[in-house]
Amino acid sequence: MPLPLAEFDALRARYPRGFESSLVLPCLRRIQELRGFVADPDIDALAGYLGVPRVQIEEVLSFYTQFKREGVGRWHLMVCRNVSCSMRGAERVLDQLSQRLGIGEGETTPDGRFTLSTVECLGSCGTAPVVMVNDAYHENVSVEALDALLAGHP
Amino acid sequence: MSGRKLLMTFDVTATSHTLADYRARGGYQTIEKVLRELKPGDVTKEVAASGIQGRGGAAFPAGRKWGVVHLSDGQPHYLCANADEGEPGTFKDRWILEYAPHLLLESMLIAAYALEVRHAFVYIRGEFDLPYRRLAGAIEEARAAGLLGAPLFGTDFSCDIIAHRGAGSYVCGEASGLLTSLEGKRGYPRNRPPRLTVRGLYQQPTVVNNVETLANIAGILANGAAAFKAVGTAKNPGTRLISISGHVEKPGVYEIEIGYPWRKFIDEDCGGVQNGVALKCVIPGGISTKVLTAAEIAPLTLDSESVEGAGSSMGSGGMIVIAEGTCMVRLLQVMLRFYHHESCGQCTPCREGMGWMHRIIDRIVAGEGRPEDLDQLLRISRMNDGTTICGMGDAAGYATVGILAKYRDEFDYWIAQKRSRYDGNLECRRSS
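Residues numbered from 1 in each chain as written. Chains lettered and ligands numbered in written order. Predicted model: local features only at pLDDT ≥ 70, side-chain atom pairs only at ≥ 80, totals over all residues.

**Observations regarding the overall build of chain A**
And then number 1: Scanning chain A for helices and strands turns up 7 helices and 4 strands.
And then number 2: The order of helices and strands in chain A, counted from the N terminus, is α-α-α-α-β-α-α-β-β-β-α.
And then number 3: Each principal axis of the C-alpha distribution contributes one length, and for chain A these read about 50 × 35 × 25 Å.
And then number 4: A separation threshold of at least 6 residues defines the contact pool for chain A, and within that pool the share at least 24 residues apart is 60%. (Helix = DSSP H or I, 4+ residues; strand = E, 2+ residues; numbered from the N terminus. Contact = placed C-beta atoms within 7 Å.)

Now the structure itself:
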């Protein structure tokens, strides 16, 4: 996959001169949107494009929880289980999802449809419990509404 | 109604976040007035005179932070809005990003003028999708209208604002970790001194302010410091956005006038405790602030002095309501798992200490707790306090010490009986 250089050039033009290093996170986010994860050749290509050390990109990838180094299911279910969500039923939601999908945390269904993960506070405590599906927040999730949630993600 | 309002002053509609609606409410008139009538130093003086304290958790006076930046020193200066809202229980800045993005942008332009900034950033947490799209949309609208990145109102002042997304890391909400992340690296916090206002982003003077703090700036300059000081308490002026969650009937974001009675806020404005159950305790401002019991908060008002007088803090305004019958051991377990997960690993006391604390609480919950475990938790908390680069080591300790000081009997019970006194309940019971 070639890097979307025209997009990256436009991004670069928005930042002050000398801020190439700052583009590591936005560029990685965009690469991940296109490929689904960040692959080794992407790291080499981005290091070359930005003129930053390859190790800096590797460090970033292993530090931030949203970056992925391998593919996940078509729908990535991320269940928040921090304080406010747990107080509103997140633990039951997680158990139920795990049972219905027949997979544990960090696993993907054999058909590649769902990956199940837990995450820490998503900043949506007032509408707890929250399940993030790919980029979208699903708020006020209940065990009763899980069938509809799953059916809505074919 | 929870007192006078400064931010939630308009009806939220399908278009209230747009430039057209913001302008119809008088938007972008204050930056014009400021550019025509005030010198940069006068703006900082006005902000200092307003007495506004930071809304991100540390309550540092914004005017004093700005006052450290030397104007016309030949260096580029930077401004960054901290929208990495990640303190568990806190979701108030999201309200501004989603519903009043132009208020933030206009306030940032005023701050940029005061601080001689040409490039400002909003560092927004990576998970915030709608808030990011609202903010990015507002930035594009403002650029198209010639408000960003172009000389304003016939002056030679111009500033561009860039929305920069994080990628999942609690510690990036700490101002120096945020700047390191903005430099495209792991979000490791930095030792101070030097202060960020001396050496911040790429070693240049940088002001990092919380989104809510900045959002108040336009109002302060529009109506004057005196009008701002007339709201709230003498030592703690203005309003706070309180995000309330947990066992409460009507969770959400509320604007309160600082000094508003605490129980009245929970019982009247927020509909009381969920299912009518009695109140057990409250976490005032994000899980890193010490828990206060129902009896402790009964006489208190929502202002720094009152809450700090009771040994806790208003923090980031992330209030968590906890009903009677909730198991505090399991609650602390959730918190310690979080801190362990989010430790950046830079400082030994936090990297190792968070793991120890997490393993000890897991052991207690598994029924394998030892009588000395509780003193060990307290010892590790003490050891972490003040020995790490950022405040996260301290914060996990505050949460632990706070809960153990008031609910130690629940921990003793679990260690002795190998089970929870409250069936491990975190959810609210149906009724009392």
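**As for the overall build of chain B**
And then number 1: Looking only at helices and strands, chain B features 18 helices and 11 strands.
And then number 2: Along the first, second and third principal axes, the C-alpha set of chain B runs to 75 × 45 × 35 Å.
And then number 3: Buried residues in chain B amount to 56% of all 432 residues. (Buried ≥ 20, exposed ≤ 12 C-beta atoms within 10 Å, placed from the backbone.)

**Some thoughts on the domain arrangement of chain B**
All names here are of chain B.
And then number 1: Taken domain by domain, chain B consists of domain 1 (19-229), domain 2 (240-320) and domain 3 (328-417).
And then number 2: With centres defined by C-alpha atoms, the gap from domain 1 to domain 2 works out at 27 Å.
And then number 3: The interface is formed by 12 residues belonging to domain 1 together with 17 residues belonging to domain 2.
And then number 4: By residue class, the composition of the side of domain 1 that touches domain 2 is 4 nonpolar, 4 polar and 4 charged. (Domains from an automatic or database assignment. Nonpolar A, V, L, I, M, F, W, Y, C, P; charged D, E, K, R; others polar.)

**Overview of helix α15 (residues 328-342) of chain B**
And then number 1: Over its 15 residues, α15 of chain B extends 21 Å from the first C-alpha to the last, a length consistent with the 21 Å expected when each residue adds 1.5 Å.
And then number 2: Judged by how many residues are buried, α15 of chain B sits mostly within the fold: 13 of 15 residues are covered. (Expected span 1.5 Å × (residues − 1).)

**Looking at the sheet that holds strand β4 (residues 206-210) of chain B**
Within a sheet, adjacent strands bond to each other through the backbone by hydrogen bonds, running parallel or antiparallel.
All names here are of chain B.
And then number 1: One open sheet holds the 4 strands; their spatial order is β3-β2-β1-β4, and the pairing between them is parallel. Looking at strand neighbours, the two that pair on one side only are β3 (160-165) and β4, the edges of this open sheet. Between one strand and the next, the sheet's axes are offset by a mean angle of 20°, whatever the strand orientation.
And then number 2: Relative to β4, strand β1 (residues 77-83) runs parallel, the two being bridged by 5 bridges. Residue pairing for β4: Asn 82 is matched across the bridge by Asn 210.
And then number 3: Helix-sheet contacts for helix α6 (residues 101-115) involve β1, β2 (117-124), β3 and β4, and the interaxial angle to β1 is about 150°. (Pairing = 2+ DSSP bridges. Axes fitted to C-alpha atoms, helices over the stretch in contact; angles between N-to-C directions.)

**Re helix α8 (residues 175-182) of chain B**
And then number 1: Burial runs high along α8 of chain B: 8 of the 8 residues are buried.
And then number 2: Tucked inside the fold, the buried residues of α8 of chain B contact β1, β2, β3 and β4 of chain B.

**What to know about the domain arrangement of chain A**
And then number 1: The assigned domain composition of chain A is domain 1 (5-63) and domain 2 (75-151).
And then number 2: Look at where the C-alpha atoms of domain 1 of chain A and domain 2 of chain A centre, and you get two points 30 Å apart.

**Observations concerning the nonpolar core**
And then number 1: Cys 80, Met 108 and Ile 110 of chain B are the most contacted members of the largest nonpolar core, which has 152 residues in total.
And then number 2: Among the elements that take part in this core, α6 of chain B stands out by supplying 11 residues, more than any other.
And then number 3: Not counting chain neighbours up to four residues away, the residues in contact with Cys 80 of chain B comprise Ala 120, Phe 121, Tyr 123, Leu 178, Leu 179, Leu 182, Leu 201, Thr 206 and Val 208 of chain B.
And then number 4: Among the nonpolar cores identified, the runner-up in size contains 16 residues, and Leu 46, Tyr 64 and Phe 67 of chain A together with Ala 167 of chain B belong to it. (Core = buried A, V, L, I, M, F, W, Y, C linked by C-beta atoms within 7 Å.)

**What to know about the pairing of β2 of chain B**
Residues and elements named next belong to chain B.
And then number 1: For β2, the tally of buried residues reaches 7 of 8 residues, placing the bulk of the element in the interior.
And then number 2: Of the strand pairs in this sheet, β1 and β2 are connected by 7 bridges, and their pairing is parallel. Looking at the pairing, Asn 82 lines up with Tyr 123 of β2.
And then number 3: Sheet topology note: the β2/β3 ladder contains 6 bridges and is parallel. In the strand pairing of β3, Val 122 is matched with Ala 163.

**Observations regarding unusual backbone geometry**
And then number 1: In the segment running from Ala 128 of chain A into Pro 129 of chain A, the intervening peptide bond is cis, with an omega of -5°.
And then number 2: Structurally, Pro 129 of chain A is set in the loop between β2 (114-119) and β3 (131-133).
And then number 3: Put simply, Arg 192 of chain B and Pro 193 of chain B share a cis peptide bond, and its omega is -5°.
And then number 4: Backbone geometry at Ser 72 of chain B places phi at a positive 55°, although glycine is not the residue there.
And then number 5: As for its position among the elements, Ser 72 of chain B is in the loop between α4 (62-67) and β1.
And then number 6: Non-glycine residue Lys 418 of chain B carries a positive phi angle of around 60°.
And then number 7: Its place among the elements puts Lys 418 of chain B in the segment after α18 (392-417).
And then number 8: According to the C-beta neighbour criterion, Lys 418 of chain B is partly exposed, with 13 such atoms within 10 Å.

**Overview of the environment of Cys 172 of chain B**
Residues and elements named next belong to chain B.
And then number 1: The topology assignment puts Cys 172 in the loop between β3 and α8.
And then number 2: The spacing of Cys 172 and Ala 218 is 46 residues in sequence and 26 Å in space, taken between C-alpha atoms.
And then number 3: When residues no more than four places from it in sequence are discounted, the contact partners of Cys 172 are Asp 84, Gly 166, Gly 177, Leu 178, Ser 181 and Gly 187.

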